[in-house]
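Letter by letter, the chains look like this.
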Amino acid sequence: MRHEKIKELLPLYIDNSLTVQEEELINNHLEDCNECQEELKEYQQNYQLLSSLEKEKAPIDLVDSIINKINQNVTEEKSYNDNNKKNILKRIKDLFILPVKVPTGIISLAAAILLMAITTLPANFLSDNDYLNKEFQAKDESRNYQIQNYNQSSQAIPETRMKITGSSQQENNELLTDSSDILSEQKIIKRGNLIIEVNKIDKVNNNIINLIDKYEGYLSNSRNWINQDKQKFYWFEIKIPADNFNKILGELSSQDYGQIISRSTSSQDVTEEYIDLDIRLTNLSSQEERYRKLLDKATEVEEILKIENELNRIRTEIERLQGRKKYLDNQISYSTITVEFHQPEPIGSSSPGIIKAIRNAINRMVAEFYQIIILIGTGIPYLLLFTVGYLIYKKRSSRN
Amino acid sequence: MALSDSELINQFNNGNKEAFTKLIERYQHKIYNSTFRMLGNHEDARDMAQETFIRVYKNLSKFEANSSFSTWLFRITTNICRDELRRRQRKIKTSNLSGEEASERNLQGMKEINNPEKISIANELNVTIQELVNQLVPEQKTVFVLREFEGLNYQEIANILDISMGTVKSRLSRARRALREDLNKIIKNGGLQ
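All residue numbers refer to positions counted from 1 along the written sequence of the respective chain. A letter from A marks each chain and a number from 1 marks each ligand, given out in the order of writing. Given that this is a predicted model, residues contribute local features only at a pLDDT of at least 70 and side-chain atom pairs are listed and counted only at 80 or more, while totals for whole chains, interfaces and linings are drawn from all residues.

## Focus: the overall build of chain A
Stage number 1. Each helix and strand counted, chain A has 12 helices and 5 strands in total.
Stage number 2. Whether a residue is buried, exposed or partly exposed is read from the other C-beta atoms within 10 Å of its own C-beta, which are placed from the backbone; 20 or more gives buried, 12 or fewer gives exposed, and intermediate counts give partly exposed. Split into buried and exposed, the 400 residues of chain A put 15% on the buried side.
Stage number 3. Throughout, a residue-residue contact means that the two C-beta atoms, derived from backbone geometry, are no farther apart than 7 Å. Taking the intrachain contacts of chain A between residues at least 6 apart in sequence as the baseline, contacts between residues at least 24 apart amount to 76%. Put simply, DSSP H or I for four residues or longer makes a helix, DSSP E for two residues or longer makes a strand, and each gets a number counted from the N terminus.

Listed below in structure tokens is the structure:
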């Protein structure tokens, strides 16, 4: 063991770097061990040989090649870093493109449509509602128009008023004060609206006619229909002398007729318009009078023609205003009440819920389909812009 | 007026690339000598020396002066050489199975040695010794090269390799023992002239 230890230390002895004890150990051992002396000598010789060897000189061009390589490396690293940045971007891009494996054009198209759908849908709904409202208004107007026609054909109603205005036309210039006197009373158009639910709907028709007779009104419009659920509807538009308006409304609202679903009344003050009409009418008729007198004096053909032209214009205007006044008179003297009667909604409706739901779903689906077509149509210019932009971007990036 | 290493490093870190050239010039032979001894041929020695200085260049700004520059430089050198040697060992091991690359490399080595015009007597001696050194395992070889060819003391070697003095001693001892007989044969055959 001792010998082994010495053998291990011996190669290091020549370096003078052993501890004092180790050196002592070896010195003692060397004194009586030839073998180790021999070995030590060999170690010393070997060390001398190795350290005397000429040192290898670096090639002359080493410095230059290192500098070159460093410069190269620097630029490479830069481009590598740039590439890396690009790679990250590219990877992000790939993240969007790869899993779908669909040309980005289609995705962007879909996205654009979706975006537009989201942004425009609420507005669309609104506009739909508007559209419906307009439709309703249009219907109302058409109804009014019917009424007007009816009124104009039935001569009986506005006559009394006409007489009043007719007489007032005869006083000429001072009429401004007069008319205000005459028309100082409020001119108000009253409207009532009722929706009533009744069980025995067939009786309604007779009841209404009786009611109209009782209050000296007339039926201006009526309609009845049956909806999908076999629910019967009766709709009446009644004209009632303004004085009886509240009475008939009260009677209709009483429980005798049925359950009131909704009831609304409105009134429109047309006093101002009425006065305005009157003044304009009187002015026009006095103008007419003057032209008539001029026409009597006129001798030249040209003059006569001109005056007749003017007279013609004034006459038309007067008639137009009188028509409007007549209409207002009618509206004022006869209030309008619309009543809708309908049967209660059938509880166990004829078609089971699920079929109804499916039918509704299909209906809505078809409706939505049209909506989508409209949306795509409206989106086309934006899509074109988008694709052009995308193509430019792609071209530019591929050039880089 | 030669500047010290740390002054040159400071200059380099302040953007003076010339300072780095000076550092290379100062150490290139030492480093080349080491890499040559460790790898055993000029081509690899050159590559490794280059690699070393490139790594130094990249990391010089991170160099902290708590050890000397030469210690740090040698650490990088030995690390690079050790990695290369290990890599090569694996390669030889695997290519021993397929055979081709190893034999090719050997062939190249033979050519280099056998080229008569290139080989002077001193060179021949050098080559023979190098062949012996090549036989050492990388760990022993590193210590051996630093001690015998670079003349560094145990403490310096321990610092460079970041190992204990004891490890340095045992590795060096084993390396010397392994090469003792073969080296002495060269001497006895009149290698020293």
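## Focus: the packing of helix α8 (residues 154-161) of chain B against helix α9 (residues 165-188) of chain B
The description of two helices packed together rests on the angle between their axes and the distance between the axes.
All names here are of chain B.
Stage number 1. Under this scheme, a helix contributes an axis fitted over its contacting stretch, all axes are lines through C-alpha atoms, and angles between N-to-C directions fall in the 0 to 180 degree range. Here α8 crosses α9 at 105°, and the two axes come no closer than 9 Å. Compared by their axis directions, α8 and α9 come out roughly perpendicular. The residues of α9 that touch α8, namely those facing Y154, Q155, I157 and A158, are M165, V168 and K169.
Stage number 2. Residues of the contact of α8 with α9, tallied by class, amount to 5 nonpolar, 1 polar and 1 charged. An angle below 35 degrees is treated as roughly parallel, one above 145 as roughly antiparallel, one from 65 to 115 as roughly perpendicular, and anything else as oblique. In this classification, the charged set is Asp, Glu, Lys and Arg, the nonpolar set is Ala, Val, Leu, Ile, Met, Phe, Trp, Tyr, Cys and Pro, and all remaining amino acids, among them Gly, are polar.

## Some remarks on the nonpolar core
Stage number 1. Put simply, a nonpolar core is a cluster of buried Ala, Val, Leu, Ile, Met, Phe, Trp, Tyr and Cys residues tied together by C-beta atoms within 7 Å. Y32, A49, L73, V143, F144, L146 and I157 of chain B are the most contacted members of the largest nonpolar core, which totals 54 residues.
Stage number 2. Of all the elements, helix α2 (residues 17-39) of chain B adds the most residues to this core, at 10 residues.
Stage number 3. Among all residues touching L73 of chain B, those that are not within four sequence positions of it are Y27, I31 and V56 of chain B.
Stage number 4. Judged by nonpolar contacts, the second largest core, of 17 residues, contains L194, F245, L249 and I337 of chain A.

## A word on the interface of chain B and chain A
Stage number 1. Listed as interface residues are 33 residues of chain B and, on the opposing side, 28 residues of chain A.
Stage number 2. For the side of chain B that touches chain A, the secondary structure elements donating two or more residues are α2, α3 (42-59), α6 (121-134), α7 (138-149) and α9 of chain B.
Stage number 3. The biggest single contributor to the side of chain B that touches chain A is α9 of chain B, with 9 residues.

## Details of α7 of chain B
Residue and element names in this part refer to chain B.
Stage number 1. One fewer than the residue count of a helix, multiplied by 1.5 Å, yields its expected span. Taking 1.5 Å as the rise per residue, α7 with 12 residues should run 16 Å; its terminal C-alpha atoms sit 15 Å apart, in good agreement.
Stage number 2. Burial analysis of α7 places 10 of its 12 residues in the buried class, the great majority of the element.
Stage number 3. Among the residues of α7, Q140, K141, T142, V143, F144, V145, L146, R147, E148 and F149 are the ones counted as buried.

## Considerations on the confidence of the model for chain A
Detailed conclusions should not be drawn from predicted coordinates in areas where pLDDT is low.
Stage number 1. With 76% of its residues at a pLDDT of 70 or more, chain A shows a mean pLDDT of 77.
Stage number 2. Predicted confidence for residues 123-183 of chain A stays below pLDDT 50, and this span has 40 contacts to residues more than four positions away or in other chains. Predictor confidence is given residue by residue as pLDDT, running from a minimum of 0 to a maximum of 100.

## A closer look at the sheet that holds strand β3 (residues 232-241) of chain A
Residue and element names in this part refer to chain A.
Stage number 1. What the 5 strands build is an open sheet, ordered β2-β3-β5-β1-β4; its pairing is mixed. Strands with a single pairing partner mark the edges of an open sheet, and in this sheet they are β2 (218-226) and β4 (259-269). Recorded for the sheet is a direction-independent mean angle of 10° between the axes of neighbouring strands.
Stage number 2. Paired strands are those between which DSSP finds at least two bridges. The pairing of β2 with β3 spans 8 bridges and is antiparallel. The residue of β3 that forms the bridge with Y218 is K239.
Stage number 3. Helix α8 (residues 204-214) rests against β2, β3 and β5 (334-342) of the sheet, and its axis sits at about 0° to β3.

## Comments concerning the pairing of strand β1 (residues 188-197) of chain A
Stage number 1. Here β1 of chain A pairs with β4 of chain A via 10 bridges, running antiparallel. Bridge assignment links L194 of chain A to a residue of β4 of chain A, and that residue is R263 of chain A.

## Quick word on the confidence of the model for chain B
Residues and elements named next belong to chain B.
Stage number 1. For chain B, the mean per-residue pLDDT works out to 80, and 81% of the residues sit at or above 70.
Stage number 2. Note on residues 98-107: pLDDT under 50 across the span, and 6 contacts to partners over four residues away in sequence or across chains.
Stage number 3. For this predicted complex, the interface confidence score (ipTM) comes to 0.76, while the overall pTM stands at 0.44.

## Some thoughts on unusual backbone geometry
Stage number 1. One non-glycine residue, E216 of chain A, adopts positive backbone phi at about 60°.
Stage number 2. Among the structural elements, E216 of chain A can be located in the loop between α8 and β2.
Stage number 3. What makes E216 of chain A exposed here is the crowd of 12 C-beta atoms within 10 Å.
Stage number 4. Of note in this structure, D162 of chain B is not a glycine but carries a positive phi near 60°.

## Quick notes on the packing of helix α10 (residues 271-297) of chain A against helix α11 (residues 301-333) of chain A
Residue and element names in this part refer to chain A.
Stage number 1. Closest axis-to-axis distance for the α10/α11 pair is 9 Å, and the angle between their directions is 155°. Relative to α11, the element α10 is oriented roughly antiparallel. In this structure, α10 crosses over α11, and the sense of that crossing is left-handed.
Stage number 2. Here the residues of the contact of α10 with α11 sort into 14 nonpolar, 3 polar and 7 charged. Crossing handedness is read from the near helix: turned anticlockwise from the far helix by less than a right angle, it gives a left-handed crossing, and turned clockwise, a right-handed one.

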